Amino acid sequence: MMATSESEEKRSLALSGHVGFNSLPCQQVNKLVAQGFCFNILCVGETGIGKSTLMNTLFGRAFENEEASHYEAEVKLHSQTHDLQENTVKLKLTAVHTVGFGDQINNEQSYKPILDYLDIQFEKYLEEELKIQRSLVNFDDSRIHACLYFIAPVGHSLKALDLITMKKLESKVNVIPVIAKADIVSKNDLKILKRNIMNELRSYGVQIYQFPTEDEDVAEINSAMNNCLPFAVVGSTEDVKVGNRMVRGRLYPWGAVQVENEDHCDLVKLREMLLRVNMEDLREQTHARHYELYRRCKLEEMGFKDTDPDSQSFSLQETYEAKRKEFIRELQHKEEAMRQMFVNKVKETEAELKEKEKVLHERFEQLKRVHHEEKKNLEEKRRELEEEMNAFNRRKVAAETLMGQALQGCSQQPLKKDKDKKNFFSLPSACSLTSGRNLN
């Protein structure tokens, strides 16, 4: 019965009266207007090339932006969100600027922070989409819808950094190249520069955003604008006097450049294509092309796959269990590898400690031998010194004995001399006495 109903062709019926579902577009419009819209623009370009000035010129108001220096160690991305309203339509605009892009000596990895930022925004949306309780309507969608890539109006074509960066960004975001500060180039040189840029992009296979031509209402204007790429723009937030009226532009000694004059630059064309005609297509391309590519690759990495007609039915539970088991096996393998590495490290450390212990033991034995030899030498020297001291003491005692004897001998000799002297002086007196007696 089901096969029969599926094989039946759809029938078109004509209504006999008014039903009312023709108001669905109006209901959708009212719902979207009540919710508001969001639009995120990424400005990629060198420092001082005019990214902030162009954003201020596009939306007719001065956004608060800090002036960046040329001395950044790496590329950083600065984001600002603004709530805008035009009539009854509310727009949540997020402008992301690259700070320090192209200022480093080595610019090989300058594009990597930009790709990481784009992937992070996709990851946030995917995480919200995979939640059990999700709210994508109220989710703050930060995915980048358009990338304005600023090209310096110097040289005859693109720099290597520009080609590499745009090639890396083509699968992540809608890239729209613009030539900044186009007022410093003559019209003829500007035409040649545009042609060279597009030829080089095609030769290197860089896919930039092409304005859609499927819709008949905008096919003609979008086709014409595709031939104008890249847009040559001039930004200015100052009003200058041209004739009897004030216009937004830049005043030079040779004249004035009107930023909203299509004969002077492509700012009006860029604003029309970016905001008025193709904003919804940019948002749709971001979701249907770039985000879906990221989502498919991410889910394939997680082990999910689509159901083919010839394959078995897809089971989310089985895929989750298989992925979980694979993850546990990987963890166990990593744990075992870490354990083995730890054991090897411990063994290496033990071997090193044993080797050091052996060296220290040999050193200790060597010092012990040296100490024993020094101690033996000191003992010998001590004995020699003791023998010398004993010999010295013996000589000292002998010397003292001799000195004593000498002193004693010296003391006895004067006494004998005094006695002999006394005896000598006593003889005359005796003689005198004897003689006296004889005289008498």
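To be clear, the structure that these remarks concern was listed above.
## Structural notes on the overall build of the chain
- Along its length, the chain carries ten helices and nine strands.
- Looking at the chain residue by residue over its 440 residues, the buried ones come to 29%.
- Within the chain, contacts between residues separated by at least 24 positions form 66% of all contacts whose residues are at least 6 apart in sequence.
- In the form shown here, the chain has an accessible surface area of approximately 31,500 Å², with 53% of it arising from carbon and sulfur atoms.

## Re a negative patch on the surface
- Side chains of Glu-214, Asp-215, Glu-216 and Asp-217 sit close together on the surface and give a patch of like negative charge.
- The topology assignment puts Asp-215 in the loop between helix 6 (187-203) and helix 7 (216-226).

## Let's talk about the packing of aromatic side chains
- Under the defined criterion, the tally for this structure stands at eight aromatic pairs.
- Ring geometry for Phe-101 and Tyr-149: centres 6.4 Å apart, planes at 90°, overall edge-to-face. Here Phe-101, found in the loop between strand 3 (89-99) and helix 4 (112-129), pairs with Tyr-149, found in strand 4 (residues 146-151); they are 48 residues apart in sequence, far enough to count as distant.
- Taking the relative accessible area as the measure of exposure, Phe-101 reaches 1% and is therefore buried.
- Geometrically, the ring pair formed by Phe-122 and Tyr-291 is tilted, given 6.0 Å between the ring centres and 55° between the ring planes. Taken together, the residues span a long stretch of sequence, with Phe-122 in helix 4 and Tyr-291 in helix 9 (residues 279-301) at a distance of 169 residues.
- With a relative accessible area of 2%, Phe-122 lands in the buried category.
- Within the aromatic cluster, the residues linked to one another by ring pairs are Phe-122, Tyr-125, Phe-139, Tyr-291 and Tyr-294.
- Just above the ring of Tyr-125 sits the side chain of Arg-143; from NZ or CZ to the centre is 3.7 Å.
- Above the plane of the ring of Tyr-291 lies Arg-143, whose end atom (NZ or CZ) is 4.9 Å from the centre.

## Overview of the side chain of Gln-121
- Structurally, the position occupied by Gln-121 is in helix 4.
- Excluding anything up to four places from it in sequence, Gln-121 contacts Ser-142 and Arg-143.

## Some points on helix 4
- For helix 4, which comprises 18 residues, the first-to-last C-alpha distance of 26 Å matches the rise-based estimate of 26 Å (1.5 Å per residue) to within 8%.
- Residues of helix 4 that are buried: Ile-114, Leu-115, Tyr-117, Leu-118, Gln-121, Phe-122, Tyr-125, Leu-126, Glu-128 and Glu-129.
- Looking at the packing, one finds that the buried side of helix 4 touches strand 1 (37-44), strand 2 (76-86), strand 3, helix 5 (160-169) and helix 9.

## A few points about the sheet that holds strand 2
- Read across the open sheet, the six strands follow the order 2-3-1-4-5-6; overall the sheet is mixed. A single partner strand is all that each edge strand has here, and the edge strands are strand 2 and strand 6 (231-232).
- Where helix 4 meets the sheet, its contacts fall on strand 1, strand 2 and strand 3, and the angle it forms with strand 2 comes to roughly 50°.
- Of the strands in this sheet, strand 4, strand 5 (175-179) and strand 6 touch helix 6, which is tilted by about 155° from strand 5.

## A few points about the pairing of strand 4
- The buried fraction of strand 4 is high, at six of six residues.
- A two-sided burial pattern is seen for strand 4, the buried positions comprising Ala-146, Leu-148 and Phe-150 on one face and Cys-147, Tyr-149 and Ile-151 on the other.
- Looking at chain direction, strand 1 and strand 4 are connected through four bridges and run parallel. When the bridges of strand 4 are listed, Ile-41 appears paired with Ala-146.
- Two elements, strand 4 and strand 5, share five bridges in a ladder whose sense is parallel. Counted as the bridge partner of Cys-147 is Val-175 from strand 5.

## Focus on the pairing of strand 5
- Here strand 5 lies mainly inside the structure; five of its five residues are buried.
- On strand 5, burial covers both faces: Val-175, Pro-177 and Ile-179 on one face and Ile-176 and Val-178 on the other are all buried.
- The parallel pair strand 4 and strand 5, bridged by helix 5, forms a crossover whose chirality is right-handed.
- Inspection of the sheet shows strand 5 paired to strand 6 by two bridges, in the parallel sense. When the bridges of strand 6 are listed, Val-178 appears paired with Phe-231.

## A closer look at the sheet that holds strand 7 (residues 239-242)
- If you trace the three strands from one edge of the open sheet to the other, you get 7-8-9, paired in antiparallel fashion. The sheet is open, and its two edges are formed by strand 7 and strand 9 (255-258), each paired on a single side. Going from strand to strand, the sheet's axes swing by 75° on average, the running direction of each strand aside.
- Across four bridges, the pairing between strand 8 (residues 245-252) and strand 9 is antiparallel. Counted as the bridge partner of Gly-249 is Gln-258 from strand 9.

Reading the values: rules and limits
The written sequence of each chain sets the order in which its residues are numbered from 1. For this predicted model, a pLDDT threshold of at least 70 governs which residues receive local features, and a threshold of 80 or more governs which side-chain atom pairs are given and counted, while totals over whole chains, interfaces and linings are taken from all residues. No hydrogens and no water enter the side-chain calculation; it runs on all heavy atoms of the structure. A run of DSSP states H or I qualifies as a helix once it reaches four residues; a run of E qualifies as a strand once it reaches two. Both are numbered from the N-terminal end. A simple rule labels every residue: compare its accessible area, found with a 1.4 Å probe on the protein chains alone, to the largest value its type can have, and call it buried under 20%, exposed over 50%, or partly exposed in between. Note on contacts: a residue pair is in contact if any heavy atoms of the two residues lie within 4.5 Å. Only the protein chains shown count as covering a residue, and every accessible area follows the Shrake-Rupley method with a 1.4 Å probe. Only residues whose relative accessible area exceeds 30% and that form no salt bridge are eligible for patches; like-charged ones are grouped when within 9 Å, while nonpolar side chains (Val, Leu, Ile, Met, Phe, Trp, Tyr) are grouped when within 5 Å. Only one rule defines a salt bridge in this text: a Lys or Arg side-chain nitrogen within 4 Å of an Asp or Glu carboxyl oxygen. Lys and Arg are tallied as positive, Asp and Glu as negative. Neither His nor the chain termini are counted. By convention, the charge on Lys lies at NZ, on Arg at CZ, on Asp at CG and on Glu at CD. Two rings from Phe, Tyr or Trp (for Trp, the six-membered ring) form a pair when their centres are within 6.5 Å of each other. A pair whose planes differ by under 30 degrees is stacked, one over 60 is edge-to-face, and the rest are tilted. Only when the NZ of Lys or the CZ of Arg is both within 6 Å of the ring centre and within 35 degrees of the ring normal is a charge said to sit over the ring. Given a helix with a known number of residues, its expected span is that number minus one, times 1.5 Å. Strands qualify as paired when DSSP identifies two bridges or more between them. The convention used is that axes are lines fitted to C-alpha atoms, helices contributing only their stretch in contact, and that angles between N-to-C directions extend from 0 to 180 degrees. Note on handedness: a crossover is taken as right-handed if, strands pointing away from the viewer, the path from the first strand over the helix to the second is clockwise.

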